[in-house]
Every structure is written in C-alpha cells, then in structure tokens.
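Now for the letters of each chain:
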Amino acid sequence: MASASSPSALKEVLGELDRGSYVTLLSKIIGEARHVQNNPPDLIPKEDRVARHVLDSLLPLSTSTGGGPLVVSHVSYAEGRGNVIVEYPGSDPARIISFVGCHMDVVTADPTDWEFDPFSLSVDGDKLRGRGTTDCLGHVALVTQLMRKLGETKPTLKNTVVAVFIANEENSSVLGVGVDALVKDGLLDKLKAGPLFWIDTADKQPCIGTGGMIAWRLRATGKLFHSGLPHKAINPLELAMEALKEIQLRFYRDFPPHPKEEVYGFATPSTMKPTQWSYPGGGINQIPAECTISGDVRLTPFYSVTDAVKRLEEYVDDINANIEKLGTRGPVSKYVLPDENLRGRLTITFDEAMTSGVACSLDSRGFHVLCKATEEAVGHVKPYSITGSLPLIRELQDEGFDVQTSGYGIMATYHARNEYCLFSDMCQGFQVFVSIISQLEADSN
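Residues numbered from 1 in each chain as written. Predicted model: local features only at pLDDT ≥ 70, side-chain atom pairs only at ≥ 80, totals over all residues. Heavy atoms only, no water.

Asks: In this structure, what is going on with the overall build of the protein? I would like to understand it.
Replies: For the protein, the helix and strand inventory stands at 11 helices and 20 strands. The principal-axis extents of the C-alpha atoms in the protein amount to approximately 90 × 45 × 40 Å. In the protein, buried positions account for 53% of the 445 residues. Within the protein, residue pairs in contact and separated by at least 24 positions form 80% of the contacts whose partners lie at least 6 positions apart. Side-chain charges in the protein split into 42 positive and 56 negative, and the spacing between the mean points of these groups amounts to 2 Å. (Helix = DSSP H or I, 4+ residues; strand = E, 2+ residues; numbered from the N terminus. Buried < 20%, exposed > 50% of the residue type's maximum accessible area, 1.4 Å probe, protein only. Contact = heavy atoms within 4.5 Å. Lys, Arg positive; Asp, Glu negative; His and termini not counted. Charge placed at Lys NZ, Arg CZ, Asp CG, Glu CD.)

Spelled out as structure tokens, the structure:
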C-alpha cells in the first residue's frame, strides 16, 4: 500500500481527476439516462443500468474478484433497481467517512425541448451536457472515480471511506427501494461513526439548510348556475380566492420568519402559495360547481411539517364553520343560499409524500472540514440555504447521522432543459473529497 502519512502525501497519492477516465465513464452512464427517468407510474427507472457501469469500474479492484481492497455490494429491493455500497477499509474501525446521496435516477427530459440530445453525453469544451450531468449522474461518476483511485493507489488510511450510490431519489411516492430501505435494514448504521457527506446539491458550496415541502389541494364547492343570475349561484372561484387569501394570512402569522433563518442564510422564509388552478370546464356564461387550487408549502427546518399540516386543516375547518364571515366580491357574491339550505364548502388534501427540511449542524467536524476543503479547492467558502427540498436527508439526521451536503453541478441547470455541468467544477469536487479525507486522517493521527 502507498504511504499517506500526511495530508499532502495523500493528496499527492490520489492526485487529480483524470479527464479521460471521467468522461468515458460519464458517457456510458448518461447513455442510460433515458432508462432511469423517474416519473411513476409511466416511467419506472431501472437504476441497475447505471449501477452496472459503476460495478464494471470498481469490481476489478475489489475483494470479490481478488483484484484489490474495495468491498463492493449490490443491494436490491426491487427488480432492476439496485443500490451500490463501496467500502475502502481503514485500519481503525472507529473512524469512517462516507459519501452518500449520489442517485442513479433522473427527472424526465423531452428531447424535442432540448438543443441537444439529453440521453447521450455531448462535450463542448469544459461543458459536459446531458440529463443527469448536474443531478446526479455526474456525481455518480465523480465518486466512482474517487473510489477507483483509492482502490488503485491503496493508500494506508485509518479512516474507512464508504460510497453509497442510491436508487429512487427523484420520487417519494414509491418507498422501500433506495436509501430509506438501506437505513431500515441497518446497512448504513456504521456510517454514524463519522461525517456523512450527501453529494447531490450544486454550485460547489456547502448547502447547510433545505426546506420542507407540503403539496396541497384546496377544493371549493359551490353551486352551478347561469352567470346572468349570479345571485342564485355560489361561485367556487370567488370562494377559493377569498379563502386562500385568508389561509395565507393565517399561515404567515403562525409561521413568520424565524431568527435562525438569518444564521443559516436562507434566501426566503417559509412560504405558502398557489401554483396551479383547475375546474371541470363549462361555458363562459356558466358559474361552475367547483374548482381546485393547488400549491405547496415550503417550510424552513425550524418549523414542523406535521404542525403546518395541522394548522392548515384548522384554518379550513374554521372558515367552513364561519363561511358567512368570509370576504365576498360584489353586492351579490355569497357563499350561503339559506332558501335552498346550501353552503359553499372547502376541503384541503395533501400529497402523502411530504419532505421535512434539514438544518445541518454548524458545530460538527464534518461541517468544518467541508468548509476548509471548499476554500482550498474553490478559493472561497460561502455556505447557503434554500427552501428547495432534498428528500431523505432529514430522516438520516433524525436517525443520528451527521449529514452535510454539497455538490458540483450547476444550480441553474438543475431539473432544467439543456442540463450540463463543467468538468472544471467536477475537478474541484474531487479535490474537496481528497481534502476531506486528508483532514480527517490528520485528526486520527
């Protein structure tokens, strides 16, 4: 094994990200992107198509083949939808570093909307283009290259280094396939002994806070009637608009900006807003019987998702009980028709897949080494927080893992058309990983 008794020696042993090897592997992985789009029930990814390229790269350097020190396992809970755990053993069983969160599924892409083929890698100078280059197949290839380099150079480490490539990150409606199943089965328990770096964000800086997400649907039921006789109708559109205004006022009263949001640098406080509107259809001269406004709550991690859902339900119950007091629109606008014993009514429902936000520990060794490594590799460090959501990581934190998050794609292309990453950014990501290992090796001397 190569000696790596100092941080500088380890950096010399592991070197830099090799462009040829990285691009070759990424090209194979992006070539599978069409088959790992995650949008059930129409599109069920087969993450094993990506996993096989990871395994092809690492198994020759594994104990399974006798070719090297890597301990590689493929863990599957659904046909064709495996996870890959790779371990480079260190000498001290109490020391461990893990890189987790690189997922092998992607969001959908419509080739007719793109300027290039989303399902094959194209190279334009520093740009590496295709679906998944930023989120998250580019990171799959990057962490695979790190583990391969460890397997090739065999540095003597006290820390065990673990990489976990996961299935089913892009959709939360199907459970028991990815990291949630790995945690439930105790396969990641030993990662609690050290920092866990979730590699699935962007822009090369530590992401120290994310938001919870609650998708909601507010249905307003009124009475259908001719628009020339509005006094005989209960207009669900007006009911929904006035009710939503009242619900939002109450939400912002109960979930105001939290003092810790400034500490974490959140760009926005918690929000509750509409994003979609639907109704059954009908003529322009017809007041419909019902309509639905849909939207989401983005909740900073200092508030409880469960509490927010309970409050929203209470708001709706109270408005229904006191619907006569709700604001109206014009002299004949009303939500009650006493002569017909009719009352307008609101119902609110929620998607089952709710995500809680996370606030990473700012006191942990993992956070400090990530910041130092970022400053070394990128030239500056500026942790940030957003109310975008990352599924799964709050659950890991609640289970006792020291979760820190970072990523080396480009936020502006995240889930977007014409997605790309920069090879130079991935090079800096590789340097960050090496620095993290080096710093934690120094701790264990």
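Continuing now.
Asks: What should I look at first to understand the packing of aromatic side chains in this one?
Replies: To describe a pair of aromatic rings, one takes the distance between the centres and the angle between the planes. In the structure shown here, the tally under the stated rule is 10 aromatic pairs. With centroids separated by 6.0 Å and ring planes inclined at 45°, the aromatic side chains of Tyr22 and Phe423 adopt a geometry described as tilted. Here Tyr22, found in helix H2 (residues 19–30), pairs with Phe423, found in helix H11 (residues 423–443); they are 401 residues apart in sequence, far enough to count as distant. For the pair formed by Tyr22 and Phe423, the shared burial category is buried. (Phe/Tyr/Trp six-rings, centres within 6.5 Å; stacked < 30°, edge-to-face > 60°.)

Asks: Got a minute to help me understand the layout of surface pockets in this structure?
Replies: Where empty space is left can be seen by rolling a probe of water-molecule size over the atoms. One number sums up the size of the largest pocket: a volume of about 690 Å³. Of the residues assigned to the lining of the largest pocket, the class counts are 10 nonpolar, 8 polar and 6 charged. The wall of the second largest pocket is formed by 19 residues, among which Ser172, Leu175, Asp180, Leu392 and Glu395 lie closest to the centre. Those elements giving two or more residues to the lining of the second largest pocket turn out to be helix H5 (179–184) and helix H10 (393–398). Considered class by class, the residues forming the lining of the second largest pocket number 9 nonpolar, 5 polar and 5 charged. (1 Å grid on protein atoms, 1.4 Å probe; cavity = no way out; pocket = protein on both sides within 12 Å on 5 of 7 lines; lining within 4 Å. Points joined across faces, edges and corners; volume = space filled by probe spheres on them. Nonpolar A, V, L, I, M, F, W, Y, C, P; charged D, E, K, R; others polar.)

Asks: What should I look at first to understand the pattern of salt bridges in this one?
Replies: If charged atoms from side chains of opposite charge come close, those side chains can pair. In the structure shown here, the tally under the stated rule is 23 salt bridges. For Asp425, the salt bridge identified is with Lys204, shortest N-O distance 2.9 Å. Of the two residues, Asp425 sits in helix H11 while Lys204 sits in the loop between strand S7 (195–199) and strand S8 (207–210), which places them 221 residues apart along the sequence. Lys204 carries the same exposure label as Asp425, and that label is buried. (Salt bridge = Lys/Arg side-chain N within 4 Å of Asp/Glu carboxyl O.)

Asks: Which parts of the structure should I look at to understand the sheet that holds strand S9 (residues 212–221)?
Replies: Hydrogen bonds between backbone atoms are what pair the strands of a sheet, whose relative direction is either parallel or antiparallel. One open sheet holds the 4 strands; their spatial order is S11-S13-S9-S16, and the pairing between them is antiparallel. A strand with exactly one partner marks an edge of an open sheet, and here the two such strands are strand S11 (271–278) and strand S16 (345–350). Averaged over all pairs of adjacent strands, the angle between strand axes in this sheet comes to 25°, irrespective of strand direction. As paired strands, S9 and strand S13 (residues 290–299) are joined by 10 bridges and run antiparallel to one another. Pairing of Trp216 across the sheet is with Gly295, part of S13. Along the sheet face, helix H6 (residues 236–254) touches S9, S11, S13 and S16 and points at about 165° away from the line of S11. Set on the sheet, helix H8 (residues 305–321) makes contact with S9, S11, S13 and S16; between it and S16 the angle comes to about 170°. (Pairing = 2+ DSSP bridges. Axes fitted to C-alpha atoms, helices over the stretch in contact; angles between N-to-C directions.)

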